[in-house]
Amino acid sequence: MPNFEDRITPYLINDTTFKSGQQVALYNNPGIFQGYLRPGSRGVGLRNYIVILSASSRTTGYAKQLEARLKGVADAYANINGIVAVTHTEGGGSQTPNNRDLLLRTLSGFVVHPNVGAILIVDYGTEAITNTMIQDYLTQEGMPLAHVPHRFLTLNGSFETHLQQGEQQIRDWLETVNATPRTAQPLFHLKIALQCGGSDAFSGISGNPLAAWVAREVIRHGGTANLAETDELIGAESYVLQNVRNRDVARRFLEKVEAYKTLAAWHGTSAEGNPSGGNKFRGLYNIVLKSIGAAQKRNPDVRLDEVLDYAAPMHKPGYYFMDSPGNDLESIAGQVASGCNMIFFITGNGSITNFPFVPTIKIVTTTERYNLLESDMDVNAGAYLDGTSMDDLGKDMFELTCQVASGKCSKGEEAGHAQVSIWRNWQQTSTENLIALKSRPEPQGQPIPIQTQTLKENRFFEGLRTNNRLSADHIGLILPTSLCSGQIAKMAAERLSLKGLGSERGLSRFVGLVHTEGCGMSGEAAEHLYTRTMVGYLTHPLVHCALLLEHGCEKTHNDYLRHAIEDRGLSPSDFGWASVQLDGGIDSVLQKIETYFTNRLSTDPPVEHVSAPLSALRIGLSSSGPVSETGAQSLAELSRQLIGAGATLIVPDNATLFVKPSYREILNNRAPEACLSHGEQPKNSGYYIMETQTDHWVETLTGLGGTGVDLILACAGEHSLQGHPLVPMLQMATTSSVASRFADDIDLALTDSVEENVQNLLDLIIAVASRQYIPRASKMGNTDFQFTRGLLGVSM
């Protein structure tokens, strides 16, 4: 009888009948491949990359810009595969995250990974996770840092100067890294990450058993395989533990499963409710069906040898289970950090996920889907359903595995895109916290009355009017509905911007908002927060036209967003829609996106330039780090004048400005209390305090952008800050230390004169709103974007 409940009876070990299993027999003479032998205990790399690693999310902009600056530089070196940035979402706040040890373990695993030929690790030195912490962890754990060409770089001045320093360091490494050639190496150096995403009813019949067949061969040659995704094995415990090394390993596996259930419950959700809408649509209507298929990544002949914490290193050959969420990218990051140097990714729908410095072989479960996405998939496991034997398919894929290990590019490597997401910081650790959060009232969305001041003179900016709609800019938005379509959205935006599409109609550029959400997150509150902010960007005043781009198998797919749009009284026909998978892969969907915007813009009337008052603007105001007394007074006076002029001002409740009594005076010295939800667009003008969920700068910035602000004023108290990719962000310094060290990155250094500061800020606001001044963070490309999961979101 069908079970549609998210309740599974826990699996128990029977001590009287338990029997230790046997590992599959090894070959007497293991095969060989061509790899990069590393010194010390680092093993053998399948690739030879120079990596730029962000210690925390704060240096994401730097790492990405340095990667872009060095694009193609390694092409002249036969033994270097490329120069790649590895960025992530974590450690960007000021408070120590709950996942601190996990982050240090993961980042350290990246540093010493055998596919890394040299690595530049970058921080500001003031984050919750810093270079010093990573270096100390590597030393304490006895990890072979000395055998990796490396440098820890702290950004304590000009962004451009440090880009030059980073570029010079990497150029200095080129000859050294290139000096390591591929040589014949035994196959026991292969370490395979087994991962699946976009599963369907055939995943457990064709794709996963094929990956398991090849993993068995790797183990028979003395190699290693790593199974993950704890919440996607619930209900399949009896199969996973059918062949296990001993009772302790079996117990550790069950402990990880139960711990994951508890973690989900602390966030108000259920691990048993893991199947996404896409899974259910394709026949996997409960977690047991999904798990039974996922567990087929262990061949029955192969013994489960060990259970690992997330990102813990694998020191011996064999078959491992690593604790991780079902979120594909978060799980893969842990497997890579544990030492996996190749990824087998099994997909029913056709996932295009890749990792920056580890090759991925993609296995699709049906011939029909393979034919649709042949340019992006490596292996058609659907041939098994068509009559080809598993042994024949396995032999072919094993041969491909050896070829890719020896340097042949996988389809994902040829496509040239990748993403990283580390298991995200979970906030809650008890049921009591959950109850308290759920009982917290929602902000009412009404402005707060504050002290106001009349402007000495009326100020106007040059706005754009089309179809009776006034805005400060016209931007084309490609909004990925989840993390897995993010890089394709970015590729599309860059392609259309380069072509200048729509420029004759007043369109300034295209933006693709890359992020890591919408797939493996769970929790009603987190999904509501995410959806509200997504719709905020689709209806943003700066966005002239928008298209939603789904991957095709995520939780927040196109249909999910269509319903959200309709629920808010909007028409889905006002937006474009595309699917990486259903539209035939990367090349096809890029063409579809271009065709949509070409047709959409061809019907626009000419843009009209009009003089518009300050009252037409929405402005965001925030601060990070200390604010000087004069700075607080200046921003208080600016707030009074903007509200007095009829503008809208939105300040996040975590802004350090509120620490200063001289700023709180505008609130009549009341404690700041949020009146606007995170990412919510206000209905009326006035002064608003936006609810924030964390102290993460980029998440706060993303929430502010979702409120529909035309521009953001940011006060940098420690170092220059990342800007927003869509909303221009003016950056000011209130202290001489920041103003002098980051002079090239700051738009305005405040003086000792409050009146002068206010006038200078008003001038900059007018210049940005009139498109006459581009903030420095935008010019330098030091921008980032990331949805928050709030306090109740959890990786699933």
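That block above? That's the structure.
Because the structure is predicted, anything quoted here is derived from the model rather than measured.

(A) Up close: the overall build of the protein chain. A tally of regular secondary structure across the protein chain gives 25 helices and 29 strands. For the protein chain, the spread of C-alpha atoms along the three principal axes comes to 85 × 60 × 55 Å. The buried share of the protein chain, taken over its 796 residues, is 63%. For the protein chain, restricting intrachain contacts to residue pairs at least 6 apart in sequence, the fraction spanning at least 24 positions comes to 78%. Taken as a whole, the protein chain presents about 28,300 Å² of accessible surface, with 48% of it coming from carbon and sulfur. Taking the average place of the 64 positive charges on the side chains of the protein chain and the average place of its 83 negative ones, the gap between the two points comes to 2 Å.

(B) Representation of the packing of helix α17 (residues 524–538) against helix α18 (residues 558–567) within the structure. At a closest axis distance of 10 Å, the pairing of α17 and α18 adopts a crossing angle of 75°. Relative to α18, the element α17 lies roughly perpendicular. Contacts between α17 and α18 pair Glu 527, Thr 531, Met 534, Val 535 and Leu 538 from the former with Tyr 560, Leu 561, Ala 564 and Ile 565 from the latter. For the contact of α17 with α18, a count of residues per class yields seven nonpolar, one polar and one charged.

(C) Broad picture of the sheet that holds strand β23 (residues 618–624). As summarised here, the arrangement of the six strands in space is β25-β24-β23-β26-β27-β28, forming an open sheet in which the pairing is parallel. On the outer flanks of this sheet lie β25 (687–690) and β28 (748–749), each paired with one strand and no other. Alignment of β23 against strand β24 (residues 648–652), held across three bridges, turns out to be parallel. Of the residues in β24, the one forming a bridge with Arg 618 is Thr 648.

(D) Focus on the pattern of salt bridges. According to the stated counting rule, one finds 34 salt bridges in the structure shown. Salt bridges sharing partners connect three or more residues here, namely Glu 90, Glu 330, Arg 424, Glu 517, Glu 699 and Arg 789.

(E) Expanded view of the side chain of Thr 353. For Thr 353, the position within the fold is in the loop between β12 (342–347) and β13 (360–364). For Thr 353, the contacting residues outside a window of four places in its chain are Leu 329, Ile 332, Phe 345, Thr 360, Lys 362 and Cys 484.

(F) Region of interest: the packing of aromatic side chains. As enumerated under the stated definition, the model contains 13 aromatic pairs in all. Summarising the aromatic geometry, the rings of Phe 658 and Tyr 663 are spaced 5.8 Å apart at their centres and angled 65° between planes, so their arrangement reads as edge-to-face. Side by side, Phe 658 and Tyr 663 carry an identical accessibility label, which is buried. An aromatic cluster of three or more residues is present, and its members are Tyr 530, Tyr 537, Phe 785 and Phe 787. In this arrangement the basic side chain of Arg 220 is found over the ring face of Tyr 27, its NZ or CZ atom lying 4.2 Å from the centre. Here the basic side chain of Arg 298 rests over the ring of Tyr 239, its NZ or CZ set 4.6 Å away from the ring centre.

(G) Local environment of helix α1 (residues 60–69). Among the residues of α1, those classed as buried are Thr 60, Gly 61, Tyr 62, Ala 63 and Leu 66. Buried residues along α1 sit against β3 (49–54), β4 (82–86), β5 (116–123), β6 (150–154) and α4 (159–178).

(H) Highlighting the nonpolar core. By size, the foremost hydrophobic cluster in this structure holds 111 residues, and its most contacted members are Tyr 663 and Tyr 687. If one sorts the elements of this core by residue count, helix α24 (residues 754–769) sits on top with eight residues. What Tyr 663 contacts, discounting residues up to four positions off in sequence, is Leu 621, Ala 632, Leu 635, Ala 636, Ser 639, Leu 649, Val 651, Leu 657, Phe 658 and Tyr 687. One finds Phe 33, Val 244, Phe 344 and Cys 402 within the second-largest nonpolar core, a separate group that totals 54 residues.

(I) Up close: the packing of helix α5 (residues 203–220) against helix α13 (residues 390–405). It is at 9 Å that the axes of α5 and α13 come closest, and there the two elements cross at 60°. On the basis of the axis angle, α5 is oblique to α13. Crossing hand, α5 versus α13: right-handed. Here α5 contributes Ile 205, Ser 206, Pro 209, Leu 210, Trp 213, Val 214, Glu 217 and Val 218 to the contact with α13, which in turn contributes Met 390, Asp 391, Leu 393, Gly 394, Lys 395, Met 397, Phe 398 and Thr 401. Residues of the contact of α5 with α13, tallied by class, amount to 10 nonpolar, three polar and three charged.

(J) Structural context of the sheet that holds strand β7 (residues 183–186). With respect to topology, three strands assemble into an open sheet ordered β2-β1-β7, the strand pairing being antiparallel. Both edges of this open sheet fall to β2 (44–45) and β7, since each of them pairs with a single strand only. The sheet contact formed by strand β1 (residues 32–37) and β7 spans four bridges and is antiparallel. Each residue of the ladder has a partner; that of Gly 35, found in β7, is Thr 183.

(K) Region of interest: the pairing of strand β18 (residues 509–512). Where strand β17 (residues 475–480) meets β18, four bridges bridge the pair, whose relative direction is parallel. Note on β18: the bridge partner recorded for Leu 477 is Val 511. One crossover worth recording links β17 to the parallel β18 by way of helix α16 (residues 486–499), and it is right-handed.

(L) Expanded view of unusual backbone geometry. For Asn 467, which is not a glycine, the phi torsion comes out positive at approximately 50°. Mapped onto the elements, Asn 467 comes out in the loop between β15 (460–466) and β16 (469–471). Of note in the backbone geometry, Asn 669 takes a positive phi value of approximately 65° without being a glycine. Inspection of the secondary structure puts Asn 669 in the loop between α21 (661–664) and β25.

(M) Representation of the state of the cysteines in the model. All told, the structure shown has zero disulfides when counted by the stated rule. Cysteine Cys 409 is unpaired, with the sulfur of Cys 402 as its nearest cysteine sulfur at 17 Å.

(N) Molecular detail of the side chain of Thr 365. Tracing the sequence through the fold places Thr 365 in the loop between β13 and α11 (367–372). In this structure Thr 365 comes out as buried when scored by relative accessible area, which is 0%.

(O) Representation of the environment of Val 589 within the structure. Summarising the element assignment, Val 589 is placed in helix α19 (residues 586–602). Between the C-alpha atom of Val 589 and that of Ser 579, which follows or precedes it by 10 residues, the distance is 6.7 Å. Once you skip the residues sitting within four places of it in the chain, Val 589 turns out to touch Ile 488, Leu 549, Ala 578, Ser 579, Val 580 and Asp 583.

(P) Layout of the environment of Ile 13. Here Ile 13 shows up in the segment before β1. Discounting residues that sit within four places of it in the chain, Ile 13 has contacts with Phe 18, Arg 247, Ala 250, Arg 251 and Leu 254.

(Q) Structural view of α24. With 16 residues, α24 ought to run about 22 Å at 1.5 Å a step, and its terminal C-alpha atoms sit 22 Å apart, in line with that. The inward-facing, buried residues of α24 contact β15, β23, α20 (629–644), β26 (711–716), β27 (729–733) and β28. Directly after α24, the chain includes Arg 771, whose backbone phi takes a positive value near 65°.

(R) The arrangement of a negative patch on the surface in detail. Among the surface-exposed residues, Asp 391, Asp 392, Asp 396 and Glu 399 lie close enough to one another that they form a single negatively charged patch. Mapped onto the elements, Asp 391 comes out in helix α13.

Thresholds applied
Residues numbered from 1 in each chain as written. Predicted model: local features only at pLDDT ≥ 70, side-chain atom pairs only at ≥ 80, totals over all residues. Heavy atoms only, no water. Helix = DSSP H or I, 4+ residues; strand = E, 2+ residues; numbered from the N terminus. Buried < 20%, exposed > 50% of the residue type's maximum accessible area, 1.4 Å probe, protein only. Contact = heavy atoms within 4.5 Å. Areas by Shrake-Rupley, 256 points an atom, 1.4 Å probe, with all protein chains shown as cover. Lys, Arg positive; Asp, Glu negative; His and termini not counted. Charge placed at Lys NZ, Arg CZ, Asp CG, Glu CD. Axes fitted to C-alpha atoms, helices over the stretch in contact; angles between N-to-C directions. Parallel < 35°, antiparallel > 145°, perpendicular 65-115°, else oblique. Nonpolar A, V, L, I, M, F, W, Y, C, P; charged D, E, K, R; others polar. Pairing = 2+ DSSP bridges. Salt bridge = Lys/Arg side-chain N within 4 Å of Asp/Glu carboxyl O. Phe/Tyr/Trp six-rings, centres within 6.5 Å; stacked < 30°, edge-to-face > 60°. Lys NZ or Arg CZ within 6 Å of the ring centre and 35° of its normal. Core = buried A, V, L, I, M, F, W, Y, C linked by side-chain atoms within 4.5 Å. Left-handed = near helix turned anticlockwise from the far one by under 90°. Right-handed = clockwise from strand over helix to strand, strands pointing away. Disulfide = S-S within 2.5 Å. Expected span 1.5 Å × (residues − 1). Patch = residues over 30% accessible without salt bridge, like charges linked within 9 Å, V, L, I, M, F, W, Y side chains within 5 Å.

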